[in-house]
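For reference, the chains in residue letters:
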Amino acid sequence: MANAAAPAPQANMGEPAVRRDARVKVTGEAHYPSDIPVGNPAYAYLVMSTIARGRIERLDLDAAFAVPGVLDILTEENTSELKTVAFTGGGGGASTSIQQLGPEIAHAGQIIAVVIADTFEAASEAAQKVEVTYAAESPSATFGSPRLTEDDAAKVSKIHTRLPNVGDAEAALGEAEMTVDVEYATPTQHHNSIELFTTTCSWVDDRLTIYEPSQFVYGLKSSVAQRLAAEAEKVEVVSPFVGGAFGSKATMTPRTALIALAAKRLNRPVKLVATRSQGFTVSTYRAETRHHVRLGARRDGKLVGYAHEGWEISSRPDAYVVAGVEESARLYAFGAVETNVNVVHADRSTPGFMRSPPMVPYMYALETAMDELAVKLAMDPIELRRINDTMIEPIEGKPFSSRSLMKCYDRAAEGFGWIRRNPQPGSMRQGEWLIGWGCATALYPTHIGPAAVRVRLLPAGDVTVQTAAHEIGTGAYTVIGQMAAERLGVPLGSVTVEIGDSRLPPAPVAGGSNTTASTCSAVMKACDGIRRKLSHAAVTANEGALAGRDPTQLTFRNGQIVAPDGAAELVEETFRRLGTSVIEEYAEFIPHGAPPEAVKDLYAGKVTLVGGPEGEKMMFAMGAELVEVRVHKLTREIRVPRIVGAFAAGHLMNTRTARSQLMGGMIWGIGSALHEATEIDPRNARYVNDNLADYIIPVNADAPSVEVILVPEEDHDVNPAGVKGLGELGNVGTAAAISNAVYHATGIRVRKLPIRIEDLLA
Ligand code: MOS
C-alpha cells in the first residue's frame, strides 16, 4: 500500500518492500557487534591524552594496577610489536597515521594507554588513576591559530593529484559583467552515530575474530592483520549490523589492533566500548573548511568563470583531502574554471569521510555563491541554474550519462509552490515571522566498485545471497534480496541475505553511496549464471514445455521458467531433470573502468571505486532542494517548517529505503545549517562539546515537514543495475538552501555554518 513512507513506484523504480531487518531491529533482536556474546570477556577502557601537543614524560601505573580486577595495561612500552599501517586517505587502510601510544602526542584525545580489567567498572576506575606527566607545548587548534602549516593538496594527496582547471578564469572573472567574490566557512562536525565505537577481539590459537561495526570488513581485516604482522587469512571481521557510521567506521582506527593485542596477551576475549566523548577522537570527523569562491557571469546570467579555493584542517602528519571541487566544477556550464585546495595542518586528529564528504562543504559554498549571484542579477535562483544547465561538463567536455537536474527543480518547485515567491528579501511575512524561501542543488558522484557474491538456489525456490556488504542503516539486506528475488523469480521472503562478515565473498567499502550499485550488479551477474544453467537444462531436454526453445528468451517468474508465449516449467522440475539439489553460482563483478585485478585487490582489502567525474561519461545523481525558513522578527529564532527535495538517481531498487535515505539526508542538512559544530578551545586544542547534550542535532520538532519527490530517471551507462546510489545525495545542498532562505527572509547574508541566532542580530 502506498503511503508517504512507501511511495508508489514510478518508471524504473522498485517496490517499497519493508526492510528485512526491521523486526529484529525494533525488537532488539539484532545483534550489533558488541552484542555478540563471547565467553568470559575482559573489559578495556581507553586512556587518552589531555594535551594536544608535546610528550609524555612519565606514566605512573601503580595506582591503576592497585584497582582490584585490573589485569593488564597497554602502553607504548609493551605495544611496540604493532606495525604502523600507512594512511592513504581513502579506500580502506588506516584512519590516521597517529597509531603509537606515545611518547609523542599529536592531538588531544590520542590513545595513550588501554586498561584491561575483569569488569568495565574496574577498567574505568583504573583508567582515571593512570598518572601522566606531560611536557606540553602550545598547540595549533584551528584556522587563525599560530604555527599552522599549509600544503597544496594536489602535491601531497595520493588521490587528488590534479584538480579541475580550464581556460583563463582570472581573465574571465576580470571581464565579467557581474561577479561575486566571497568567503565561506564550515565547522568541524562529528558523526555521532548512536552505536558507539566498539571492538571485541577473541583468539582461538592463532586465529583472531574481531567483532566491530565496520563499513569495510575486508579492509579492516587486512589492515589489522598488517598491524599485527599476522596472516590476513587468520583474521575474521564480524559486523552484521552497524548502528550508524556515516564514514566514521570505514577505515581502521588505532583501537582495533590494541584490543586484539590485549586479548592475545591475556588469552581471553577483550571487549571495548569507547565512551561517547572518547568517540570524538577514536575515529575521524568532518574537516573544518574555508572557501574563497568567485563567480563571473554575463548580465543574462550565463556563467563565464568559476574560481574556488578551499582550505581544510587536517592533522600534522596526514593529508586527508576533501576536495569537493572535483565534482562541483562539473556542475554547471561555468566557462573558465580554476580550483585549488590547501591542506592546513594543525595539532588535531586526522579527519576523514563524513556523509557526502566532498560535496557537503564545497556545495554549500558554491550554491550559496550562486544565490548571491542570482541576487546581484535580480534573477530567480532556479532560473540562474536553468540558464547554466548543461549535458556537457565544462572541464574536459565530457557528456553526462544522464542528468535530470532541471526536471528535479521543476518537480520540487511545483510541489513547493515556488511560483508564489516574492524575490524581495524580507517581503514575505506572517505575523511576527519573516519567511524566506531558498533553493540549492544536490549533487553526488555515482561511485561503483568491484564486488563478489555467491548465490545459492534450492529447488523449492529458497535463495541465499552471500557477500560481505554492510548494513549501515540504509537497507542493504533488503535491496540485495530484492535483486536476487527479481532475477530468480521468487518472493523476497524466500531470499536469505548474509552480509557483514569477512568470511563471505568481498564487497566494497560501504562508502561513497556505492553499495547498491556494486553489490546489486554482482548479484545480477550471479543470478544470471544460475538462470543460464537452468534455461539450458530446460531447453535441451527431450521433454517438457520448454524443450527446444531459445534460452535467451526465457524469464523467471513465480518459481517458473517462462517462455514469451506463456509456456512454462516449474524450476523444481528443471532441477529434477538436472539431477542436482542445489545450484550455486559465484560471480565477480568488475565495473567498467576498474582495473582487471580489482576483485583480487578487494580480497586484499583494497577497494577502487570508479565513476563520478572520472570516466568517459560524467556520472552523477542530482536533486533540487527547496526550503522555507521562518525567522522571528524579534528573537531571531530560526525554524525550518518545510523542505521539498526532488531527486533523480537512476534505477531505484526500493522507493521506501530511497525516500528514507533522502529524507534523513535533508534532516541532517538542517543540522549542518543550523545546529552542528564541534567547538574547539583555541588555547588547548580540545573539544568542548564532545557529548550529545552540547553537540546539537536536529530532532523531530526541528523537521516538521520533509517531503521527498522521486524523479524517474533511466541510465544504462552507470552500471548493469542502472543504479546511481543515493545514500549521501540528500544532505548535499540543504545547508545552502537554508542559508539562502535565511537571506531571503532577513536580507542578512551569513557566510558561515551553522547559522545561529546571534548571526541575525542586527
Ligand atoms: Mo560515506 S562518508 O562515504 O561512509
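Residues numbered from 1 in each chain as written. Predicted model: local features only at pLDDT ≥ 70, side-chain atom pairs only at ≥ 80, totals over all residues. Heavy atoms only, no water.

Peer 1: Describe in detail the overall build of the chain, supporting the description with residues and values.
Peer 2: Looking only at helices and strands, the chain has 18 helices and 32 strands in total. Computed over C-alpha atoms, the radius of gyration of the chain comes to 27 Å, within 12% of the 27 Å expected from 2.2 N^0.38 for 762 residues, which places it in the range of a compact globule. Relative to its full complement of 762 residues, the chain shows a buried share of 64%. Pairs at least 24 residues apart make up 81% of the contacts formed inside the chain by residues separated by at least 6 positions. For the chain, the computed accessible surface area is about 27600 Å², with 51% contributed by carbon and sulfur atoms. Computing the positive centroid from 73 side-chain charges and the negative centroid from 89, the chain places the two 2 Å apart. (Helix = DSSP H or I, 4+ residues; strand = E, 2+ residues; numbered from the N terminus. Rg over C-alpha atoms; globule rule 2.2 N^0.38 Å. Buried < 20%, exposed > 50% of the residue type's maximum accessible area, 1.4 Å probe, protein only. Contact = heavy atoms within 4.5 Å. Areas by Shrake-Rupley, 256 points an atom, 1.4 Å probe, with all protein chains shown as cover. Lys, Arg positive; Asp, Glu negative; His and termini not counted. Charge placed at Lys NZ, Arg CZ, Asp CG, Glu CD.)

Peer 1: Outline empty space enclosed by the protein, supporting the account with residue identities and numerical values.
Peer 2: Enumeration over the complete set of coordinates arrives at 7 cavities of 30 Å³ or more. Roughly 150 Å³ of volume is contained in the largest cavity. What lines the largest cavity is a set of 17 residues, and nearest its centre among them are T96, I98, H107, P254 and T281. Looking at the lining of the largest cavity, its residues break down into 5 nonpolar, 12 polar and no charged. In this structure, the second largest cavity occupies an estimated 110 Å³ of space. Looking at the second largest cavity, it is lined by 13 residues, and the ones nearest its centre are N192, S193, F197, R276 and G279. (1 Å grid on protein atoms, 1.4 Å probe; cavity = no way out; pocket = protein on both sides within 12 Å on 5 of 7 lines; lining within 4 Å. Points joined across faces, edges and corners; volume = space filled by probe spheres on them. Nonpolar A, V, L, I, M, F, W, Y, C, P; charged D, E, K, R; others polar.)

Peer 1: An account of the pattern of salt bridges is needed here, citing residue identities and associated values.
Peer 2: Taken as a whole, this structure holds 51 salt bridges when the rule is applied. Note that E233 and K221 form a salt bridge whose closest N and O atoms lie 3.4 Å from each other. With E233 in the loop between α6 (217–228) and β12 (235–238) and K221 in helix α6, this residue pair connects regions lying 12 residues apart in the sequence. Relative accessible area serves as the criterion here: at 3%, K221 is assigned to the buried category. Across the pair R503 and D501 runs a salt bridge, and its minimum N-O distance is 3.2 Å. The network of salt bridges with shared partners includes R53, E137, R316 and D347. (Salt bridge = Lys/Arg side-chain N within 4 Å of Asp/Glu carboxyl O.)

Peer 1: Describe in detail unusual backbone geometry, supporting the description with residues and values.
Peer 2: With omega at -5 degrees, the peptide bond leading from G102 into P103 counts as cis. Summarising the element assignment, P103 is placed in the loop between β3 (70–74) and β4 (104–105). Geometrically, the link from L753 to P754 is a cis peptide bond, its omega value of -15 degrees lying close to zero. Residue placement: P754 occurs in the segment after α18 (734–746). Positive phi, normally seen in glycine, also occurs at A685, with a value near 55 degrees. By secondary structure assignment, the location of A685 is in the loop between β30 (680–681) and β31 (686–687). A residue is classified by how much of its surface remains accessible, and A685, at 5% relative accessible area, is buried.

Peer 1: Hey, could you go over the domain arrangement of the chain for me, with residue numbers and the actual values?
Peer 2: In terms of domain boundaries, the chain breaks down into domain 1 (1–30 + 387–446 + 612–762), domain 2 (33–139 + 200–279) and domain 3 (449–606). Each of domain 1 and domain 2 was reduced to a C-alpha centroid, and the two centroids are 36 Å apart. Facing the 13 residues of domain 1 at the interface are 9 residues of domain 2. Here domain 1 meets domain 2 over a buried area of about 820 Å², counting both sides, of which 67% is carbon and sulfur. Of all residues in domain 1, the largest losses of buried area upon contact with domain 2 belong to A30, R686 and D690, amounting jointly to 40% of the total for that side. Split into classes, the residues belonging to the side of domain 1 that touches domain 2 amount to 6 nonpolar, 2 polar and 5 charged. (Domains from an automatic or database assignment. Buried area = accessible area lost by both parts, 1.4 Å probe.)

Peer 1: Describe the pairing of strand β28 (residues 620–632), naming the residues involved and giving the relevant values.
Peer 2: With 13 of 13 residues buried, β28 is to be regarded as a mostly interior element. Here β28 shows two buried faces, one formed by F620, M622, A624, L626, E628, R630 and H632 and the other by A621, G623, E625, V627, V629 and V631. Here strand β18 (residues 433–445) pairs with β28 via 13 bridges, running antiparallel. Bridged to G438 within β28 is V627. As judged from the 9 bridges shared by β28 and strand β29 (residues 638–648), these two strands associate in the antiparallel manner. Looking at the pairing, M622 lines up with A648 of β29. Once β28 ends, the chain turns through 5 residues before running back antiparallel as β29, passing R636 with a positive phi of about 65 degrees. (Pairing = 2+ DSSP bridges.)

Peer 1: Go over the layout of surface pockets with me, naming the residues and quoting the values.
Peer 2: Quantified by volume, the second largest pocket comes out at close to 390 Å³. Taken together, 19 residues form the lining of the second largest pocket, with M48, S49, G109, Q278 and R686 sitting closest to its centre. Broken down by element, the lining of the second largest pocket gets its largest block of residues, 4 residues, from strand β1 (residues 42–48). Broken down by class, the residue content of the lining of the second largest pocket amounts to 9 nonpolar, 8 polar and 2 charged. Both domains that meet at the lining of the second largest pocket, namely domain 1 (1–30 + 387–446 + 612–762) and domain 2 (33–139 + 200–279), each give it at least three residues.

Peer 1: Outline the packing of aromatic side chains, listing residues and values.
Peer 2: The final tally for this structure, using the stated rule, is 15 aromatic pairs. On the numbers, 5.6 Å between centres and 70 degrees between planes, the contact of Y184 with Y364 is edge-to-face. Taken together, the residues Y184 in strand β9 (residues 178–186) and Y364 in helix α10 (residues 359–377) connect sequence positions 180 residues apart. Here the two residues Y184 and Y364 agree in accessibility, since each one is buried. Taking 4.9 Å as the distance between ring centres and 85 degrees as the angle between the ring planes, the aromatic pair formed by F246 and W668 counts as edge-to-face. Taken together, the residues F246 in the loop between β12 and α7 (255–266) and W668 in helix α17 (residues 655–675) connect sequence positions 422 residues apart. The exposure class of W668 is buried, given its relative accessible area of 11%. Following the ring pairs from residue to residue traces out a cluster consisting of F280, Y285, Y687 and Y695. (Phe/Tyr/Trp six-rings, centres within 6.5 Å; stacked < 30°, edge-to-face > 60°.)

Peer 1: Summarise the sheet that holds strand β6 (residues 131–136); cite the residues concerned and give the values.
Peer 2: Strand order in this open sheet of 3 strands is β4-β2-β6, and the pairing throughout is antiparallel. Strands at the two margins of the open sheet, each flanked by one partner only, are β4 and β6. Where strand β2 (residues 54–60) and β4 come together, 2 bridges link them in antiparallel fashion. Residue pairing in the sheet places R55 in a bridge with E104 of β4.

Peer 1: Can you tell me about the packing of α10 against α18, naming the residues and giving the values?
Peer 2: Where α10 contacts α18, the two axes come as close as 8 Å, and the packing angle between them is 30 degrees. In terms of orientation, α10 and α18 fall into the roughly parallel class. Considering only the axes of α10 and α18, their crossing is right-handed. Across from M363, Y364, E367, T368, D371 and V375 in α10, the residues of α18 making contact are A735, A736, S739, N740 and Y743. By residue class, the composition of the contact of α10 with α18 is 6 nonpolar, 3 polar and 2 charged. (Axes fitted to C-alpha atoms, helices over the stretch in contact; angles between N-to-C directions. Parallel < 35°, antiparallel > 145°, perpendicular 65-115°, else oblique. Left-handed = near helix turned anticlockwise from the far one by under 90°.)

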